[in-house]
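A look at the structure
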Amino acid sequence: MGQGDGMEIVSIGAGNLATQLCLALQKSGHRVVQVFSRTEESAAALAGRLGCEPISRLEDVTSEASLYILSVRDQVLEEVACRLYDSLRRKVAPGCSRVGAGALFVHTAGSMPLDVLPMLRRGVFYPMQTFSKQREMPFTGLPVFIESPSDAGLLRGLAESMGANVYEMDSDSRRYLHVAAVFACNFSNHMYDVCARVLARHGIPFEVMLPLIDETARKVHDLTPREAQTGPAVRYDQTVMQRHLDMLDDDDLKQIYSLLSRHIHRYTE
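Here is a short report on the structure shown in this document. Since we're looking at a predicted model, the values are computed, not measured.

Moving on: the pattern of salt bridges. One pass over the full model with this rule turns up 14 salt bridges. Ionic pairing is found between E168 and R156, a salt bridge with its closest N-O pair at 3.7 Å. Here the residue E168 occupies a position in strand β8 (residues 165-168), and R156 occupies one in helix α4 (residues 152-161), the gap between them amounting to twelve residues. Judged by its relative accessible area of 28%, R156 falls in the partly exposed class. In this structure, the salt-bridge partner of D172 is R175, at a minimum N-O distance of 2.5 Å. Of this pair, D172 and R175 are both found in helix α5 (residues 171-200), three residues apart, which corresponds to roughly one turn of the helix. The partly exposed category is assigned to R175, whose relative accessible area is 41%.

With the exception of glycine, the majority of residues adopt a negative phi angle, and the majority of peptide bonds are in the trans configuration. Located in the positive-phi region is Y236, a residue other than glycine, with phi close to 50°. Take Y236: it is sitting in the loop between α8 (232-235) and α9 (238-247). By relative accessible area, Y236 is classed as partly exposed at 28%.

Structurally, H30 is set in the loop between α1 (16-27) and β2 (31-36). Judged by its relative accessible area of 5%, H30 is buried. For H30, the side chain forms a polar contact with the main-chain nitrogen of M7, separated by 3.1 Å.

This part covers α4. Count 3.6 residues to each turn of an α-helix, and residues three or four apart come out pointing the same way. The complete set of buried residues in α4 reads A152, L155, G157, L158 and A159. Looking at the buried residues of α4, the elements they touch are α1, β4 (67-70), β5 (104-107), β6 (122-127), β7 (143-147) and β8. Phi turns positive, to about 85°, at G163, one or two residues after α4.

To continue, consider α1. Its twelve residues give α1 an end-to-end C-alpha distance of 17 Å, which sits within 8% of 16 Å, the value for a rise of 1.5 Å per residue. Extensive coverage of α1 is indicated by the burial of nine of its twelve residues. The set of residues buried in α1 consists of L17, A18, T19, Q20, L21, C22, L23, A24 and L25. In this fold, the buried residues of α1 make contact with β1 (8-12), β2, α2 (40-50), β4, β6 and α4. At the C-terminal side of α1, G29 shows a positive phi close to 100°.

Attention shifts here to the side chain of H107. Within the secondary structure, H107 is located in strand β5. Of the polar contacts made by the side chain of H107, one reaches the backbone nitrogen of A109; its length is 3.1 Å. There is a polar contact of 3.0 Å between the side chain of H107 and the backbone oxygen of P113. Those residues within four positions of H107 in sequence are excluded, and the remaining contacts are L70, L77, M112, P113, L114, V116, L117, G123, V124, F125 and R174.

Cut-offs used in this document
Residues numbered from 1 in each chain as written. Predicted model: local features only at pLDDT ≥ 70, side-chain atom pairs only at ≥ 80, totals over all residues. Heavy atoms only, no water. Salt bridge = Lys/Arg side-chain N within 4 Å of Asp/Glu carboxyl O. Helix = DSSP H or I, 4+ residues; strand = E, 2+ residues; numbered from the N terminus. Buried < 20%, exposed > 50% of the residue type's maximum accessible area, 1.4 Å probe, protein only. Polar contact = N/O pair within 3.5 Å; in protein donor to acceptor, adjacent residues only side chain to side chain. Contact = heavy atoms within 4.5 Å. Expected span 1.5 Å × (residues − 1).

Function-wise, these values are silent; they only describe arrangement.
What follows is the structure, given as structure tokens:
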């Protein structure tokens with residue numbers, strides 16, 4: 001996909017991923033023409049940043065775009081895709097065999113299969129990263145996992161136009177990629193939250209942990225996670241671990257601490 005080959009895009013969704021993806025696409029020479037969200041405020045907020053039309057009804061989605069990106073919750077993805085398909089079919093010219101005059105439809109869900117989309121031209125465009133609306137995320141060097149029986153080349157060009165690193169991966173493999181990412185990102189971030197709460201109870205600022213967090217992340221660029229593992233659980237120092245357990249007043253945290261400690265020891269011995 002070269003210069004002048006920008007696509008006209010509709011974003012079905014206005015959440016964290018949709019926000020950063022749309023901003024990156026716009027900067028890369030593509031044009032987002034509509035943003036749909038069931039919440040008018042969310043649609044208007046993102047559309048305002050992109051200079052396009054906000055809509056809150058699927059019936060108002062244009063049939064003239066070349067790419068429709070569905071970035072909605074997994075629980076509603078199939079329902080939204082089917083409703084969108086039915087709505088657009090009613091808009092296209094009689095005798096046209098393809099919704100949206102041959103447009104391509106993709107979803108961005110790491111754990112959902114390709115076939116939740118009922119469209120003829122369909123694909124998956126999964127950027128593996130943690131996104132927030134408030135924090136701009138460049139796509140340069142970002143891994144993007146694509147799947148499409150008909151348009152893998154187009155999706156590769158789209159991702160490369162943003163500077164991303166592109167990998168073709170089928171739905172089954174992508175499920176394991178997604179669960180691994182939950183351990184690496186979501187669970188790790190929750191541990192930061194637990195850490196912040198423990199510190200706050202004793203008047204200690206979370207900022208003192210940032211050099212430790214940064215170095216923990218940097219080390220796995222040079223060492224395997226197993227080689228980088230440190231702490232009392234590696235040597236199974238029961239005196240230190242019991243002291244920590246005695247300091248925790250939350251039964252769930254005690255269980256998490258004990259389970260993780262046993263798991264670390266088994267993985268590193």
